[in-house]
Amino acid sequence: MKAPVSWIREYVDLRADVTTEELAARLTALGLKLEAIEKPGDAITGPLVVGRVLTMEPEPQKNGKTINWCTVDVGDANGTGEPQGIVCGAHNFAPGDLVVVVLPGAVLPGNFAISARKTYGHVSAGMICSAAELGLGDDHDGIIVLPSDAGEPGDDALDLLGLREEVIEFEINPDRAYALSLRGIAREAALAYDAPYRDPAARETPAANDQGYPVVVDDPAGCPIFVARVVSGFDPTAPTPAWMARRITQAGMRPISLAVDITNYVMLELGRPIHGYDADKLSGPIRVRRASAGERLTTLDGAERELSEQDLVVTDDSGIIGLGGVMGGETTEMSSTTTRVLVEAAHWDAVSMFRTGKRHKISSEAGKRNERGVDPVITEAAADRVVELLVAHGGATAEPGVTVVGRPPAPPTIPMAYELPARVTGMAIDAATAVANLEAVGCRLDRGDTGVTATPPPWRPDLVDPFDLVEEVARIVGYDQVPSVLPVAKAGRGLTREQRLRRRIGRTLAGAGCVEVLSFPFVGDEAFDMLGLAEDDVLRHTVRLANPLSSEEPAYTTTLLPGLLKAATRNLGRGAPGVALFETGTVAFPVDRGPAPIYGVDWRPSDDELAKLFEAIPDQPLHLAVVLAGERERSGWWGAGRPASWADAIDVVRRLGAELGVSVRVEPTARMPWHPGRCARVLVGDHELGHAGELHPRVCAAFGLPARSAAVEIDLDVLMRHVPDVVQGPRFSNYPVAKEDVALVVDESVPAADVEAALREGAGELLESIRLFDLYTGDQVGAGRKSLAFALRFRAPDRTLTEQEASAARDAAVALAVERLGAVQRA
Amino acid sequence: MSGPNTDYDPVEVTPLKPEEIEQARDAALAAVAAATDLEGLKRARLEHAGDRSPLALANREIGALPPQARKDAGQRVGQARGAVNKAIADHQAVLEVEHEERMLAEETVDVTLPTERSARGARHPVTTGSERIADVFLALGWEVAEGPVIEAEWLNFDALNLGPDHPARTMQDTFWTDPADNNLVLRTHTSPVQARTMLTREPPIYVVCPGRVFRTDEYDATHSPMFHQVEGLVVDEGITMAHLKGTLDHFAAAMFGEGISTRFRPSYFPFTEPSAEVDLVCFVCRGASPAVETCRTCRGEGWIEWGGCGVVNPRVLRACGIDAERYTGFAFGMGIDRTLMFRHGIEDLRALFEGDIRFTTAFGTEL
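Now for a look at the structure at hand. (Residues numbered from 1 in each chain as written. Chains lettered and ligands numbered in written order. Predicted model: local features only at pLDDT ≥ 70, side-chain atom pairs only at ≥ 80, totals over all residues. Heavy atoms only, no water.)

Observations concerning the overall build of chain B
Part 1 of the reasoning: A count of helical and extended segments in chain B gives 11 helices and nine strands.
Part 2 of the reasoning: Against the 2.2 N^0.38 benchmark of 21 Å for 367 residues, chain B shows a C-alpha radius of gyration of 44 Å, more extended than a compact globule.
Part 3 of the reasoning: With the principal axes as the frame, chain B shows a C-alpha extent of 130 × 50 × 45 Å.
Part 4 of the reasoning: Evaluated residue by residue, chain B yields a buried proportion of 54% over its 367 residues.
Part 5 of the reasoning: In chain B, the proportion of contacts linking residues at least 24 apart, taken out of those at least 6 apart, comes to 67%.
Part 6 of the reasoning: Total accessible area on chain B is roughly 16400 Å²; 50% of this is exposed by carbon and sulfur atoms. (Helix = DSSP H or I, 4+ residues; strand = E, 2+ residues; numbered from the N terminus. Rg over C-alpha atoms; globule rule 2.2 N^0.38 Å. Buried < 20%, exposed > 50% of the residue type's maximum accessible area, 1.4 Å probe, protein only. Contact = heavy atoms within 4.5 Å. Areas by Shrake-Rupley, 256 points an atom, 1.4 Å probe, with all protein chains shown as cover.)

Regarding the side chain of T28(A)
Part 1 of the reasoning: By the element assignment, T28(A) lies in helix α2 (residues 20–30).
Part 2 of the reasoning: If near-sequence neighbours (up to four positions away) are discounted, T28(A) is found in contact with K33(A), L34(A), R265(B) and P266(B).

Topic: the packing of helix α20 (residues 752–763) of chain A against helix α21 (residues 803–821) of chain A
All names here are of chain A.
Part 1 of the reasoning: Running from N to C, α20 and α21 point in directions that differ by 135°, and their axes come no closer than 7 Å. Accordingly, the angle class assigned to the pair α20 and α21 is oblique. Handedness of the α20/α21 crossing: right-handed. On α21, the residues that touch D754, V755, A758, L759, E761, G762 and A763 of α20 are A809, A812, A813, V814, L816, A817, R820 and L821. (Axes fitted to C-alpha atoms, helices over the stretch in contact; angles between N-to-C directions. Parallel < 35°, antiparallel > 145°, perpendicular 65-115°, else oblique. Left-handed = near helix turned anticlockwise from the far one by under 90°.)

Thoughts on the packing of aromatic side chains
All names here are of chain B.
Part 1 of the reasoning: With the rule as written, the count across this model stands at 25 aromatic pairs over all chains.
Part 2 of the reasoning: Their ring planes at 45° and their centres at 4.8 Å tell us that F137 and W142 sit as a pair that is tilted.
Part 3 of the reasoning: The buried category is assigned to F137, whose relative accessible area is 0%.
Part 4 of the reasoning: Judged by centre distance (6.4 Å) and plane angle (45°), the ring pair of W142 and F332 falls under tilted. Of this pair, W142 sits in the loop between α5 (125–138) and β1 (143–144) while F332 sits in strand β9 (residues 328–335), placing them 190 residues apart in sequence. F332 matches W142 in its accessibility class, with the two residues each being buried.
Part 5 of the reasoning: Each member of the aromatic cluster is reached from another via a ring pair, and the members are F137, W142, Y206, F251, F256, F283, W306, F330, F332 and F342. (Phe/Tyr/Trp six-rings, centres within 6.5 Å; stacked < 30°, edge-to-face > 60°.)

As for the interface of chain B and chain A
Part 1 of the reasoning: Contacts between the two partners involve 105 residues from chain B, matched on the other side by 99 residues from chain A.
Part 2 of the reasoning: Between chain B and chain A lies a buried interface of about 8600 Å² when both sides are counted; carbon and sulfur atoms form 60% of it.
Part 3 of the reasoning: Of all residues in chain B, R117(B), W154(B) and P266(B) give up the largest surface area on contact with chain A, accounting jointly for 9% of the area buried on that side.
Part 4 of the reasoning: Viewed at the interface, chain A and chain B are joined by 10 salt bridges.
Part 5 of the reasoning: A salt bridge links R574(A) to D356(B), with the nearest nitrogen and oxygen atoms 2.8 Å apart.
Part 6 of the reasoning: At the boundary of chain B and chain A, one finds 42 residue pairs in polar contact (both at pLDDT 80 or more). (Buried area = accessible area lost by both parts, 1.4 Å probe. Salt bridge = Lys/Arg side-chain N within 4 Å of Asp/Glu carboxyl O. Polar contact = N/O pair within 3.5 Å; in protein donor to acceptor, adjacent residues only side chain to side chain.)

The values reported here are purely geometric and, on their own, carry no functional implication.
Dropping the structure here:
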């Protein structure tokens with residue numbers, strides 16, 4: 001909401017020395033947040049004057065544009081009194097119009113220096129200005145055409161346009177709809193300075209009578225009060241007075257025509273949206289009702305809309321003529337021939353306004369106010385104010401009929417204990433202060449021994465609960481008076497086990513040389529295709545979004561890999577020789593257990609109801625993904641470097657398991673997006689953690705990653721469940737170790753892990769450790785065979801092992817491998 | 001030099017003359033002194049102090065001498081051998097030091113050579129920043145509460161006094177899951193975690209809730225459809241706005257340094273009443289701007305918008321089953337990303353989500 005300071009001062013007697021900055025700061029402290037102070041004139045130097053267009057010659061250009069070569073009378077402002085020749089690209093004016101001309105030597109906002117320059121074959125000595133060029137908002141559509149009585153050619157336009165005036169833009173919170181008007185802002189200014197206030201809505205209004213335009217309200221809950229007034233003899237060509245056009249512009253709206261401008265002006269002044277109809281286009285009585293499903297209306301913006309049973313509509317005998325309180329219809333729109341105007345000021349149910357605006361995606365100045373709640377008591381005053389202005393500036397005559405249907409809804413009463421403000425705010429607020437402040441914001445009070453019963457003013461529909469009153473009391477005392485006291489919490493238990501584990505996991509991965517990445521979790525078929533997932537892959541079964549940012553990525557992801565792989569490509573593309581990235585984040589899997597219930601808010605749902613609520617929420621396990629691409633170890637004076645490989649990926653998982661005390665094992669498997677011969681399924685016991693290995697060459701190609709890039713994705717929730725709670729202190733023997741090496745030849749398809757497991761099992765209890773230290777394939781073992789060399793260490797808890805004991809254990813180990821896997825011991 | 005001592009005949013020995021012993025000693029000392037390395041010294045030792053050396057042979061003959069001659073000869077030979085052995089030991093020590101020095105000198109490397117064979121890893125500043133924030137509150141005895149990102153609409157809105165037709169719902173542009181009548185959203189704030197906490201725990205409640213949230217914002221230098229929030233919630237007897245102020249002042253000082261405090265401005269949030277925006281004393285100019293010169297961080301305001309806060313609306317307490325007559329509470333929330341942007345002078349929010357390792361590794365020193 002933009003409020004010219006001069007307009008605020010019209011209703012509140014502020015001392016002359018109150019600066020705009022100070023006023024804005026005080027209002028901010030009261031809850032109307034300063035967004036910006038505009039002083040457009042400060043950014044303009046040099047001559048900016050009124051000009052009258054004398055001639056304009058349209059000249060089509062080779063580039064398809066048509067420019068106008070104009071001569072403009074700028075009086076003596078150019079020092080010669082001769083018409084000024086100016087090229088203008090806009091077309092929304094005609095000879096005879098008063099326009100705003102900036103002359104050579106001037107500087108416009110944005111440090112835009114104006115000079116006479118040759119363009120389109122003419123010397124253009126200055127410029128005819130648009131509102132945007134003068135810093136008066138964003139309106140680039142055409143130049144400013146001044147009202148015909150705005151002034152004489154050569155007059156200074158800075159004052160005329162109010163460019164020397166200061167305008168404060170406030171950010172208005174939804175609970176303070178009353179401050180979407182000068183009436184409301186001035187009231188807050190009066191509160192801030194304890195200054196006298198004149199309510200612009202306080203006026204005598206003619207009583208309702210039965211000569212007014214007939215109006216029937218079928219839905220008084222949706223439209224509690226409807227006021228209709230008619231003026232006739234209106235001159236549709238009458239200009240908007242310059243002061244009104246200026247204020248409308250300053251407030252961020254655009255002057256359109258006198259009748260429309262007057263309704264907008266009164267909305268800005270009083271906060272009450274007004275609709276004007278061309279009364280000659282109305283047929284029969286006006287009726288307010290809910291729409292029937294399937295009814296249609298073309299609104300003022302030209303959009304044809306299909307209505308819902310919840311929409312409030314205004315009708316006449318011709319059918320629907322407007323979406324009540326939100327937007328009027330085309331058929332009864334005021335136009336350049338309108339001479340009879342029906343002024344509608346109605347109070348609408350805020351919730352209906354909100355729903356209709358949302359349903360039809362209409363965001364209008366009127367809707368914004370109606371859906372937040374407008375003062376219902378000033379409805380008649382607002383209509384009367386519009387009539388007054390139509391009469392004063394449009395030569396109209398007010399018809400005697402005054403239609404008022406319904407009455408403003410009764411305000412609530414709110415009890416508040418005197419001690420509540422102090423109890424809630426921690427400030428020393430006594431009963432007298434509480435009472436004074438509530439009265440200052442317009443509450444009527446019924447004072448009791450321990451508290452008050454407050455009737456909030458009609459412009460404050462947001463005041464409903466005692467705590468709402470506390471806020472009113474407190475903001476006037478001043479939030480800067482709140483003391484600072486650190487509360488003493490009960491003893492806490494620190495981080496949960498899972499929270500500690502997550503920190504550990506991140507540190508382990510960083511310690512392993514991986515850099516953490518945060519990606520957006522949005523995904524689409526394209527990413528799944530790039531990962532080479534089959535049509536029926538479980539990862540394609542996603543939680544979809546109803547309103548994704550991009551239709552290409554309409555779902556919440558089931559895998560962290562797409563984001564991570566793209567980040568890897570990005571880094572390599574930016575010149576990194578290699579990357580090791582990791583991400584921990586939740587993914588989502590649909591549960592299809594029906595919609596989540598919506599409960600009331602007046603009491604807590606039962607435990608069963610809560611269980612039902614939690615059940616409907618998709619499974620969201622915490623995943624870890626790692627990608628390793630390009631150089632893993634650098635080359636240097638020490639020798640050659642090494643690219644990342646499948647083994648690095650599996651090592652990351654093993655290392656993580658080791659850090660957390662979880663024994664993870666791997667087995668060969670085939671699963672996209674991994675290379676079918678280089679993919680490990682990672683398990684803890686029999687529980688699958690996920691996969692690790694080299695990415696499929698097609699996946700590397702699809703993401704633009706180097707060949708042999710490797711990746712991991714595992715479920716951290718599963719991993720964390722297997723982390724031992726309390727580590728048992730290990731016991732170990734200090735007797736000498738007996739070392740035995742064995743080399744076994746097996747078929748190439750036999751996994752080393754199986755051989756190791758057989759050896760481990762066969763070796764029995766004396767085995768302390770086993771490590772594969774060599775792998776050989778080649779002529780010495782024959783095609784399709786491989787040799788695996790293991791170092792076995794034996795140790796007894798209670799004695800030194802004899803050579804015979806150690807070799808017997810080794811032989812037993814080998815025997816089981818021979819029996820189980822057809823291994824042959826190498827000589 | 002070696003070989004059997006065929007000339008040896010103890011019966012025929014005669015005592016060595018003192019001059020001969022002196023000669024042998026001097027020759028030995030000269031040979032030892034002449035050795036320039038350990039190898040040379042070893043040769044000198046074998047020749048002049050070894051088993052076949054003149055002094056060793058002389059020593060052997062002593063036993064065959066008559067008693068008086070034996071005593072004199074023994075003394076002479078013993079002194080000579082002692083002098084030689086000492087000379088050898090002394091020279092050995094010197095040569096060993098020299099040898100070690102030479103060897104160490106030869107083994108010198110260029111320690112300025114690069115040593116980093118593999119790149120370093122790093123955690124993301126949002127992760128470490130969230131932990132740092134959590135630690136501030138853990139130290140006060142609070143706990144860290146969490147919840148799912150895809151959340152029930154009722155918990156994200158209704159339970160927080162944001163009814164279906166509340167205008168404030170338009171303040172938050174929400175991602176809905178499909179179909180929308182499943183009533184599931186990507187949480188627009190971490191407040192549903194507060195609701196979950198109140199629904200499942202008894203007061204007193206002191207929790208902080210960091211987490212990832214979503215809104216349908218366009219992606220630019222200051223907006224992102226995904227960002228991170230931290231909220232705090234206290235529900236206890238006798239809790240007031242003063243406790244809220246005290247907590248935020250403590251938090252601000254912990255994040256931005258001693259002396260950085262907060263101010264409240266009246267605002268509106270459906271879940272709190274009274275509500276306030278919380279501003280931070282600009283930690284760059286410390287509120288001196290614009291008196292001195294216009295500060296770039298706070299744009300001359302002296303204050304930085306930090307977040308929102310307020311007294312928990314009794315309606316929210318009731319919806320969560322808490323006795324609103326007995327307990328009061330406060331809640332606050334701010335953007336973690338925004339807080340980090342201030343703290344670290346990050347100018348473009350997108351840097352957090354691009355995954356450029358040059359950005360993230362720069363935060364490797366963050367605790």
